[in-house]
Amino acid sequence: MKLTKLLLASSALTMATGMAIAEEEMANEMTIVSWGGAYSNSQQQAYHNPYMEKTGVNIINDESSAEAVSKLRAMNEAGNITWDVVDVVAADALRLCDEGLAMEIDADEMLAAAPDGTPASEDFGDLLVGDCFIPQIVYSTTVGYRTDMVGDTPPTSICALFDTEGYPGKRALEKRPINNMEWALLCDGVAKDDVYDVLETDEGQQQALDKLDTIKDDVIWWSAGADTPQLLADGEIVMGSTYNGRLFSVIEEQKQPVGMLWDAQVFDLDGWIIPAGLPEDRLARALDYVYFATDTQRLADQSKWISYGPARVSSAPLVGTHAELGIEMAPHMPTDPENAKNTFLYNYEFWADYRDDIDAKFQAWLAQ
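What this report covers is the structure whose coordinates are included nearby. The shown structure was predicted, so the numbers you read here are calculated from the model rather than taken from an experiment.

**Description of the packing of helix H2 (residues 37-55) against helix H12 (residues 280-293)**
Phase 1: Across the interface, H2 lies against H12 with an axial gap of 10 Å and an inter-helix angle of 120°. In terms of axis orientation, H2 runs oblique to H12. You can see that H2 and H12 cross each other, and the crossing is right-handed. Together, Tyr47, His48, Pro50, Tyr51, Lys54 and Thr55 of H2 and Arg285, Asp288, Tyr289, Phe292 and Ala293 of H12 make up the contact between the two elements.
Phase 2: Split into classes, the residues belonging to the contact of H2 with H12 amount to six nonpolar, two polar and three charged.

**Details of H12**
One full turn of an α-helix is made of 3.6 residues, so residues set three or four places apart face in the same direction.
Phase 1: The first and last C-alpha atoms of H12 sit 20 Å apart over 14 residues, in line with the 20 Å expected at 1.5 Å per residue.
Phase 2: Summarising burial for H12: twelve of the 14 residues are buried, a large majority.

**Looking at the pairing of strand E4 (residues 134-146)**
Phase 1: Of all 13 residues making up E4, 13 are buried, and the element is well covered by its neighbours.
Phase 2: Of the strand pairs in this sheet, E4 and strand E8 (residues 258-273) are connected by eleven bridges, and their pairing is antiparallel. Paired with Gly144 across the two strands is Met260, which belongs to E8.
Phase 3: Here E4 runs beside strand E7 (residues 239-243); their pairing, made up of five bridges, is antiparallel.

**Looking at the state of the cysteines**
Phase 1: Considering all chains together, one arrives at two disulfides under this definition.
Phase 2: Paired through a disulfide, Cys97 and Cys132 show a sulfur-sulfur distance of 2.0 Å. For the disulfide bridge between Cys97 and Cys132, the dihedral angle about the S-S bond is near 60°, and by the sign convention the bridge is right-handed. Placement of Cys97 in helix H4 (residues 90-98) and of Cys132 in the loop between helix H6 (120-124) and E4 is noted, with a sequence separation of 35 residues between them.
Phase 3: For Cys132, a relative accessible area of 1% translates into the label buried.

**So, the packing of aromatic side chains**
Phase 1: One pass over the structure, following the stated rule, counts 16 aromatic pairs.
Phase 2: Here the aromatic rings of Tyr139 and Tyr308 are separated by 6.0 Å at their centres, their planes lie at 70°, and the arrangement is edge-to-face. Placement of Tyr139 in strand E4 and of Tyr308 in the loop between helix H13 (296-302) and strand E9 (309-310) is noted, with a sequence separation of 169 residues between them. The pair formed by Tyr139 and Tyr308 is uniform in burial state, with each residue classed as buried.
Phase 3: For the ring pair Phe350 and Trp351, a centre distance of 5.3 Å and an interplane angle of 90° mean the geometry is edge-to-face.
Phase 4: Aromatic ring contacts, followed pair by pair, group Trp35, Tyr39, Tyr139, Trp222, Tyr243 and Tyr308 into a single cluster.
Phase 5: Here the basic side chain of Lys216 rests over the ring of Trp365, its NZ or CZ set 4.5 Å away from the ring centre.

Cut-offs and rules
Residues numbered from 1 in each chain as written. Predicted model: local features only at pLDDT ≥ 70, side-chain atom pairs only at ≥ 80, totals over all residues. Heavy atoms only, no water. Axes fitted to C-alpha atoms, helices over the stretch in contact; angles between N-to-C directions. Helix = DSSP H or I, 4+ residues; strand = E, 2+ residues; numbered from the N terminus. Parallel < 35°, antiparallel > 145°, perpendicular 65-115°, else oblique. Left-handed = near helix turned anticlockwise from the far one by under 90°. Contact = heavy atoms within 4.5 Å. Nonpolar A, V, L, I, M, F, W, Y, C, P; charged D, E, K, R; others polar. Expected span 1.5 Å × (residues − 1). Buried < 20%, exposed > 50% of the residue type's maximum accessible area, 1.4 Å probe, protein only. Pairing = 2+ DSSP bridges. Disulfide = S-S within 2.5 Å. Phe/Tyr/Trp six-rings, centres within 6.5 Å; stacked < 30°, edge-to-face > 60°. Lys NZ or Arg CZ within 6 Å of the ring centre and 35° of its normal.

Here it is in structure tokens:
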């Protein structure tokens, strides 16, 4: 009852005045988990720094999002939740919600309305894909390549990943089945609309692994989003997958000889969850933070630092120029019409259902 009153008081006062509940009722330190690299820097600039300036709270950054599900499971088992707000992809948010490891969110009670008064649930719309998920961005996983290592015919198809004769050299792929399995099936002749139906079957999973087997000896497997940009910058790979914002950074900010392959880019959502079971003061702080960090202006501000599309409808018109480079950011978004001519829509519900089983097969295949 006390916690319910605290949350209602926080929500009501925040919505009415734009101010949080009394600071002494909240924790003065919080651990926020994300992905590191250019992405965490964009959050630092758009969210963390202004929030710390506004409240005086100390934010500790943890770059463990790739292991969020397993680590939250372990924390829950140990009865010791050390994280306050966690950045995860939508499929992981659904898994954490289903397992009771993330708290449910009432968007219109806990998140800011749009400047014109549109409720948060309408402003986020279809991107509110789960009861526990607070969307931040639309991003894509795509492929970057060294422009000085691909000869006179730069790749235009995702299937260049599997063309080791036309594009010899090492490739970098993420050390998990997601995206790799879909691309393998696409490049083995499966129609885009049939990919997940095929991947539901044991035969389809084996087909994808067999296709990946054709380039296995040429692959460097990555776990952190910053790995591929560094490998590209160092000239250790001819091409590799990573998040479009990481490629934007290496191309536009670092001015490396790298090109972007948008073909079959995989659209996905990324956002926040709040771990279930936080003590009252930390929960109040986490709710106050996500209210602040996911309002219309903050989501638009993130696009000043990285080329990910904001999750709110009301944020899109506010996307402008890069904070340091001064270039228009809209053409660098995965949602730009020129870039989105042939996208692949990630099926987060499929991966929420099949992730553990396919992960086990994928890791066994890697070990062979």
